[in-house]
Amino acid sequence: DGLVTAVELVGVVPHFKIRVDNHDMVLHSWIHLVFLLLKLAETEDDRREIFHIVDRTKKLGVVSSDGDSLLHLAVNSTPDLRSTSFQDHENHNLFPSADVVSFLLRSGFNPHARNYDRETPLHISALKENYHRDIAELLLGAGGHIDVPDSMGLTPLDILKTHPAKLNALQV
């Protein structure tokens, strides 16, 4: 029941700047929670439970202050939360996460979703600091388009052209 309540709270749209910032942090925490739940899932029943939680969140249409969907956040390497355990030799980014992206896509998240800059998850994924071939392939396999312009007229292909070694790896 605690997770159901958390889903409902994620759906509350804030109106004041400090609450907007906190809401974004909650969304980043939420996507990290999905990551952890998927790592801890031992059975198909566990994954089905995670699906129901994620599905409720999807139906709320929750987005960040930039209009990023949870799928946008899952492909981004710069979330608000990082590992800072004293046991870690350095901070480790958990994202982008192919497991979370795959799960969100199978859960019905839209690979064509646009944030307020008209960027799709593929635009975010194409950035040099976010690029992972397996994630790009997941997004393209789910119907993502490499030729859709954002608000500045840039396509994911244009972004990939800024780092040719990665473009060659995608073999577009």
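Provided above is the structure to which this section pertains.
First, a word on what this report is: a plain description of the structure on this page. (Residues numbered from 1 in each chain as written. Predicted model: local features only at pLDDT ≥ 70, side-chain atom pairs only at ≥ 80, totals over all residues. Heavy atoms only, no water.)

Re the side chain of S97
Here is step 1: Relative to the helices and strands, S97 resides in the loop between α4 (70-74) and α5 (98-106).
Here is step 2: Relative accessible area serves as the criterion here: at 5%, S97 is assigned to the buried category.
Here is step 3: Among the polar contacts made by the side chain of S97, one reaches the main-chain amide nitrogen of V100 at a distance of 3.2 Å.
Here is step 4: Those residues in contact with S97 that sit more than four places away from it in its chain are F35, A74 and I135. (Helix = DSSP H or I, 4+ residues; strand = E, 2+ residues; numbered from the N terminus. Buried < 20%, exposed > 50% of the residue type's maximum accessible area, 1.4 Å probe, protein only. Polar contact = N/O pair within 3.5 Å; in protein donor to acceptor, adjacent residues only side chain to side chain. Contact = heavy atoms within 4.5 Å.)

Here we look at the packing of α5 against helix α7 (residues 133-141)
Here is step 1: At a minimum axis distance of 9 Å, the contact between α5 and α7 shows a crossing angle of 5°. As the angle between them shows, α5 and α7 are arranged roughly parallel. Along the contact surface, α5 presents A98, V101, S102 and L105, while α7 presents D134, I135, L138 and L139.
Here is step 2: A breakdown of the residues in the contact of α5 with α7 according to their chemical character gives six nonpolar, one polar and one charged. (Axes fitted to C-alpha atoms, helices over the stretch in contact; angles between N-to-C directions. Parallel < 35°, antiparallel > 145°, perpendicular 65-115°, else oblique. Nonpolar A, V, L, I, M, F, W, Y, C, P; charged D, E, K, R; others polar.)

A few points about unusual backbone geometry
Here is step 1: With an omega dihedral of 5°, the bond running from F95 to P96 counts as a cis peptide bond.
Here is step 2: Positionally, P96 belongs in the loop between α4 and α5.
Here is step 3: Although it is not a glycine, R118 sits at a positive phi angle of roughly 65°.
Here is step 4: Positionally, R118 belongs in the loop between α5 and α6 (121-126).
Here is step 5: Given the relative accessible area of 43%, R118 is considered partly exposed.

Structural notes on the environment of P96
Here is step 1: Exposure remark for P96: the relative accessible area of 14% places this residue in the buried category.
Here is step 2: Sequence spacing of P96 and S125 is 29 residues, and the spatial spacing of their C-alpha atoms is 8.1 Å.
Here is step 3: Discounting residues that sit within four places of it in the chain, P96 has contacts with A74, V75, N76, S77, N130, H132 and I135.

Points about the packing of helix α3 (residues 44-60) against α5
Here is step 1: Between α3 and α5, the least distance of the axes is 10 Å, while the angle of their chain directions is 70°. Considering the angle they form, α3 stands roughly perpendicular to α5. In the crossing of α3 with α5, the sense of the turn from one axis to the other is right-handed. On α5, the residues touching R47, I50, F51 and V54 of α3 are F103, L104 and R106.
Here is step 2: Taken together, the residues of the contact of α3 with α5 sort by class into five nonpolar, no polar and two charged. (Left-handed = near helix turned anticlockwise from the far one by under 90°.)

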